[in-house]
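Each chain, written out:
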Amino acid sequence: MDSFLGNKTSKIYVAGHRGLVGSAIVKKLQQLGFTHLILKTHKELDLTRQSDVESFFAAVKPEFVILAAAKVGGIHANNTYPAEFISINLQIQTNVIHSSYINGVQKILFLGSSCIYPKMAPQPITEEALLTGPLEPTNEWYAVAKIAGIKMCQAYRLQYNWDAISGMPTNLYGPNDNFHPENSHVLPALMRRFHEAKVSGAKEVVVWGTGSPLREFLHVDDLADAVVFMMEKYSGLVHINVGSGQEVTIKELAELVKEVVGFEGELVWDSTKPDGTPRKLMDSSKLADLGWVPKVSLKDGLVDTYKWYVEYLKQ
């Protein structure tokens, strides 16, 4: 088995290279000097089409695969399109994982999400919490698909002794995030609203809830760094949590985003609106024990993300 970092001309296929996660991984690999990245847009290769995926792998024969392609969305999207969230994700990962194995890929990394864990999992959430209780009902279709991906990697490792690993990131943010008004997650949603309030000269921004829930955030460049680390250093049956280990209340987050954006008005909390889960922190000690730690502070990460967002709006 070649070391992942040992050969910068290895053929590496990054599935989903235009998304938040995939684009950060590509940037990281390019910074490290990898020269043979295989990147295909959805138009060039539809990963839900089994025969297309099989033909692609047979022709290209990648040596390493990082699977960051998925249909993703917030609560609203998950509730509205449950069939797409389960079927598209199952198709993508089944096609890519199986074709990778059949065509002699040395190692594959499958990326999931922290929503795979039970709604009431003890905090901080360890890898062992998987399948110990019911899922959060609003995104169970997506979660079930991701759990199937973890289990598929484990099954191929057990049966074929194949190096398939899985990483489960916490809440991610950074350049190329989704800032859509309805379908975005809490951090980009806040950034957009403060920015629009600043531009329009609004006196206040109203935020849902009390601001008391605790959340963990990881800059996507840190995840990309962890992905390379796992490809080089980790080979095991258990999926690995990838988090910052740092919690922040939604109130602290909102104040920080307000400061970074430079919104001068008032921040008003609408406590008649729901707060969601009180706390969601992952235990990332397995990865820390292997020697990986995040490097981007929340403040620096927010500054970086806002810079990107302002540039994006000019396009």
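Residues numbered from 1 in each chain as written. Predicted model: local features only at pLDDT ≥ 70, side-chain atom pairs only at ≥ 80, totals over all residues. Heavy atoms only, no water.

- Where an unreviewed UniProt entry is consulted, the protein appears under the name GDP-L-fucose synthase, with the organism given as Papaver nudicaule.
- According to its UniProt record, the protein has this under Sequence similarities (unreviewed entry): "Belongs to the NAD(P)-dependent epimerase/dehydratase family. Fucose synthase subfamily." (UniProt positions renumbered as here; feature names shortened; annotations may be inferred.)

Observations regarding the side chain of E127
Here comes step 1: Checked against the element boundaries, E127 lands in the loop between β4 (107–111) and α5 (140–160).
Here comes step 2: The buried category is assigned to E127, whose relative accessible area is 4%.
Here comes step 3: Among the polar contacts made by the side chain of E127, one reaches the main-chain amide nitrogen of N241 at a distance of 2.8 Å.
Here comes step 4: Excluding its chain neighbours within four sequence positions, the residues that come into contact with E127 are Y117, V238, H239, I240, N241, D283 and K286. (Helix = DSSP H or I, 4+ residues; strand = E, 2+ residues; numbered from the N terminus. Buried < 20%, exposed > 50% of the residue type's maximum accessible area, 1.4 Å probe, protein only. Polar contact = N/O pair within 3.5 Å; in protein donor to acceptor, adjacent residues only side chain to side chain. Contact = heavy atoms within 4.5 Å.)

Thoughts on a nonpolar patch on the surface
Here comes step 1: Where nonpolar side chains cluster on the molecular surface, the patch consists of L158, L237 and V238 and spans about 260 Å² of accessible area.
Here comes step 2: Here L237 is to be found in the loop between α7 (220–233) and β9 (240–242). (Patch = residues over 30% accessible without salt bridge, like charges linked within 9 Å, V, L, I, M, F, W, Y side chains within 5 Å. Areas by Shrake-Rupley, 256 points an atom, 1.4 Å probe, with all protein chains shown as cover. Salt bridge = Lys/Arg side-chain N within 4 Å of Asp/Glu carboxyl O.)

Description of the environment of N171
Here comes step 1: Position of N171 relative to the elements: it lies in strand β6 (residues 171–173).
Here comes step 2: For N171, a relative accessible area of 23% gives the class partly exposed.
Here comes step 3: Along the chain, N171 and M152 lie 19 residues apart, while their C-alpha atoms are 23 Å from each other.
Here comes step 4: Other than its neighbours up to four places away in sequence, N171 contacts R215, E216, F217 and L218.
Here comes step 5: Within the local environment of N171, its side chain forms a polar contact with the backbone oxygen of E216, the two atoms lying 3.0 Å apart.

Quick look at the packing of helix α6 (residues 186–200) against helix α10 (residues 298–314)
When two helices pack together, their arrangement is given by the angle between the helix axes and by the axis-to-axis distance.
Here comes step 1: Packing of α6 against α10 brings their axes to within 11 Å, and their N-to-C directions diverge by 60°. In terms of their interaxial angle, α6 and α10 are classed as oblique. In the packing of α6 onto α10, the handedness of the crossing is right-handed. Between α6, through L187, M191, R192, H195 and K198, and α10, the contact on the second element is made entirely by L302, T305, Y306, Y309, V310 and L313.
Here comes step 2: Residues that form the contact of α6 with α10 fall into these classes: seven nonpolar, two polar and two charged. (Axes fitted to C-alpha atoms, helices over the stretch in contact; angles between N-to-C directions. Parallel < 35°, antiparallel > 145°, perpendicular 65-115°, else oblique. Left-handed = near helix turned anticlockwise from the far one by under 90°. Nonpolar A, V, L, I, M, F, W, Y, C, P; charged D, E, K, R; others polar.)

Considerations on the nonpolar core
Here comes step 1: If you look at the biggest cluster of nonpolar residues, it comprises 38 residues, and the most contacted ones within it are Y13, L47, F57, L67 and I97.
Here comes step 2: Among the elements that make up this core, the one with the highest residue count is α5 (seven residues).
Here comes step 3: In this structure, L67 is in contact with A15, I92, Q93, V96, I97, L109, F110 and L111, ignoring residues within four places of it in sequence.
Here comes step 4: Of all hydrophobic cores here, the second largest spans 32 residues; its members include I12, V21, F64 and F229. (Core = buried A, V, L, I, M, F, W, Y, C linked by side-chain atoms within 4.5 Å.)

Remarks on the UniProt feature "domain: NAD-dependent epimerase/dehydratase" (unreviewed entry) in the protein
Here comes step 1: Per the UniProt record, "domain: NAD-dependent epimerase/dehydratase" (unreviewed entry) is found at residues 12–243.
Here comes step 2: The distance from the first to the last C-alpha atom of residues 12–243 is 24 Å, and the span holds 43% helix and 17% strand.

Remarks on the sheet that holds strand β3 (residues 64–67)
Here comes step 1: The six strands lie next to each other as β2-β1-β3-β4-β5-β9, forming an open sheet whose pairing is parallel. Each edge of the open sheet is held by one strand with a lone partner, namely β2 (37–38) and β9.
Here comes step 2: Against the sheet, α7 engages β3, β4, β5 (163–169) and β9, with an angle of about 145° to β4. (Pairing = 2+ DSSP bridges.)

Examining the pattern of salt bridges
Here comes step 1: All told, the structure shown has 15 salt bridges when counted by the stated rule.
Here comes step 2: Between E128 and K286 there is a salt bridge, with the nearest N and O atoms lying 2.9 Å from each other. One end of the pair, E128, is in the loop between β4 and α5; the other, K286, is in helix α9 (residues 285–290), with 158 residues separating them in the sequence.
Here comes step 3: Salt-bridge contacts for E255 lead to K251; the nearest nitrogen and oxygen are separated by 3.8 Å. Within this pair, E255 and its partner K251 are both found in helix α8 (residues 250–261), separated by four residues, close to a single helical turn.
Here comes step 4: Accessibility expressed as a relative area gives 35% for E255, which makes it partly exposed.
Here comes step 5: What makes K251 partly exposed here is its relative accessible area of 38%.
Here comes step 6: Among the charged side chains, a network of salt bridges with common partners joins K28, D225 and K295.

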